[in-house]
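# Descriptive analysis of the structure
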Amino acid sequence: MWIRNFDGFVTKSGVFSVGAVDQASALLADALPEHLSGDVADLGAGWGYLSSRILSREAVTKLDIVEADFFSLDCAKQNVIDPRAAFHWADATVWNGSYDAVVMNPPFHTSRDGDPELGRAFISAAKRCLKSKGSLYLVANRHLPYETALEQCFAKVLELPGNSRFKLFHASRPKRK
Ligand SMILES: C[S@@+](CC[C@H](N)C(=O)[O-])C[C@H]1O[C@@H](n2cnc3c(N)ncnc32)[C@H](O)[C@@H]1O
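Structure report, in brief. Source: prediction; values computed, not measured.

All right, on to unusual backbone geometry then. For Ser17, which is not glycine, the phi dihedral falls at a positive 55°. Locating Ser17 in the fold gives a position in the loop between strand S2 (10-12) and helix H1 (23-31).

Written as C-alpha cells, this is what we have:
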C-alpha cells in the first residue's frame, strides 16, 4: 500500500525511511553543490529523495538510480518523474558506469547489526565508476569508520560540515590501482 509523505513523496511499508525524508539524506542534499553537473549516479537510492534533489540541478545530464530493493525502486519510479532518470534494480556494489559524480547515503545494516563493510563496498564501487575528475558525495552516521576506505580509494578526501549525528565527505581523484 502506498504511503504519501507530507511533502508529496510516496513510500511503501518496509522501505528505508518510510513516510519521511531521512535526516542524513536531507543533510547531504542540502550540501550538494549548485554546480553539480554531467552524468551522476545515486547508489542505494531508496525511494528517490536524493535523486529528486540531484535532478533539481539543471546541469545534470543523466541520473542512474541504483537500488537493490524492488519496492524502494518502485517508489522511486513514482517520486522521480524526469527524462534524465534511469532506474536500475541492481546491486550497487558491483555496478559499473562512468560518472562525473556519485551521490550516496550507503546502507550500513545487513542484519540487526551495523556492518560498515557494505558501506565500504559502496565506496569502492564509487571509485570504480567515477571519471578521473569525478566527485563522490557521501553522508554517514558519525560512528561509521569510512575514513580509511575513502583514503584508500581517493587521493583527495574532504570532510564537509556535518552535524552531531552525521558526517559528510567530498572525495575526488579516484585512485586507479
Ligand atoms: C541508508 S538507505 C538510503 C536510501 C536513500 N538514498 C535515501 O536517501 O533515503 C540505503 C539504501 O541502500 C539500499 N541497498 C542496500 N544494499 C544495497 C545494494 N547492495 N545495492 C543497492 N542498494 C542497496 C537499501 O535498500 C536502502 O534503500
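Picking up where we left off.
The next point concerns the site of the ligand. Around the ligand, the surrounding shell holds 16 residues, and the nearest of these are Ser25, Gly44, Glu67, Asp91 and Ala92. Asp91 places a side-chain nitrogen or oxygen 2.8 Å from a nitrogen atom of the ligand. At 2.8 Å, a backbone N or O of Ala92 approaches a nitrogen atom of the ligand. Within the complex, the protein chains bury 88% of what would otherwise be the 600 Å² of accessible surface of the ligand. Its residues assigned to classes, the shell around the ligand comprises 9 nonpolar, 4 polar and 3 charged.

A few words now on the nonpolar core. With 28 residues, the main nonpolar core has Leu28, Ile54, Ile65 and Val103 as its most contacted residues. Listed by contribution, the elements that provide at least two residues to this core are H1, helix H2 (49-54), strand S4 (60-67), helix H3 (70-79), strand S6 (99-104), strand S7 (130-141) and strand S9 (166-174). Among all residues touching Ile65, those that are not within four sequence positions of it are Asp42, Ala45, Ser51, Leu73, Ala76, Val80, Ala85, Ala86, Phe87 and His88. The next biggest cluster of nonpolar side chains, apart from the first, holds 27 residues, and it includes Ile123, Ala126, Cys129 and Ala149.

Inspection of the secondary structure assignment puts Ser72 in helix H3. For Ser72, a relative accessible area of 4% puts it in the buried group. Separated by 2.7 Å, the side chains of Ser72 and Asp69 make a polar contact. Those residues in contact with Ser72, other than ones at most four positions away along the chain, are Val15, Phe16, Gly46, Trp47 and Glu67.

The next subject is the pairing of S6. The element S6 is largely enclosed, with a buried count of 5 among its 6 residues. With 4 bridges connecting them, strand S3 (residues 38-43) and S6 associate as parallel partners. The residue bridging Val40 from the neighbouring strand is Ala101, located in S6. Here 5 bridges tie S6 to S7, and the two strands are oriented parallel to one another. Bridged to Ala101 within S7 is Ser135.

Here we come to the environment of Leu27. Here Leu27 shows up in helix H1. Sequence separation between Leu27 and Ser37 is 10 residues, and the spatial gap between their C-alpha atoms is 19 Å. Ignoring any residue separated from it by four or fewer positions in sequence, one finds Leu27 in contact with Val139, Gly162, Asn163, Phe166 and Leu168.

Attention shifts here to the pattern of salt bridges. All chains considered together, the criterion is met by 9 salt bridges. We note a salt bridge from Asp64 to Lys62, for which the minimum N-O separation is 3.6 Å. Of the residues examined, Asp64 reaches a relative accessible area of 5% and is grouped as buried. Lys62 gets classed as partly exposed once you look at its relative accessible area, which sits at 34%.

Criteria and thresholds
Residues numbered from 1 in each chain as written. Predicted model: local features only at pLDDT ≥ 70, side-chain atom pairs only at ≥ 80, totals over all residues. Heavy atoms only, no water. Helix = DSSP H or I, 4+ residues; strand = E, 2+ residues; numbered from the N terminus. Near = heavy atom within 4 Å. Polar contact = N/O pair within 3.5 Å; in protein donor to acceptor, adjacent residues only side chain to side chain. Areas by Shrake-Rupley, 256 points an atom, 1.4 Å probe, with all protein chains shown as cover. Nonpolar A, V, L, I, M, F, W, Y, C, P; charged D, E, K, R; others polar. Core = buried A, V, L, I, M, F, W, Y, C linked by side-chain atoms within 4.5 Å. Buried < 20%, exposed > 50% of the residue type's maximum accessible area, 1.4 Å probe, protein only. Contact = heavy atoms within 4.5 Å. Pairing = 2+ DSSP bridges. Salt bridge = Lys/Arg side-chain N within 4 Å of Asp/Glu carboxyl O.

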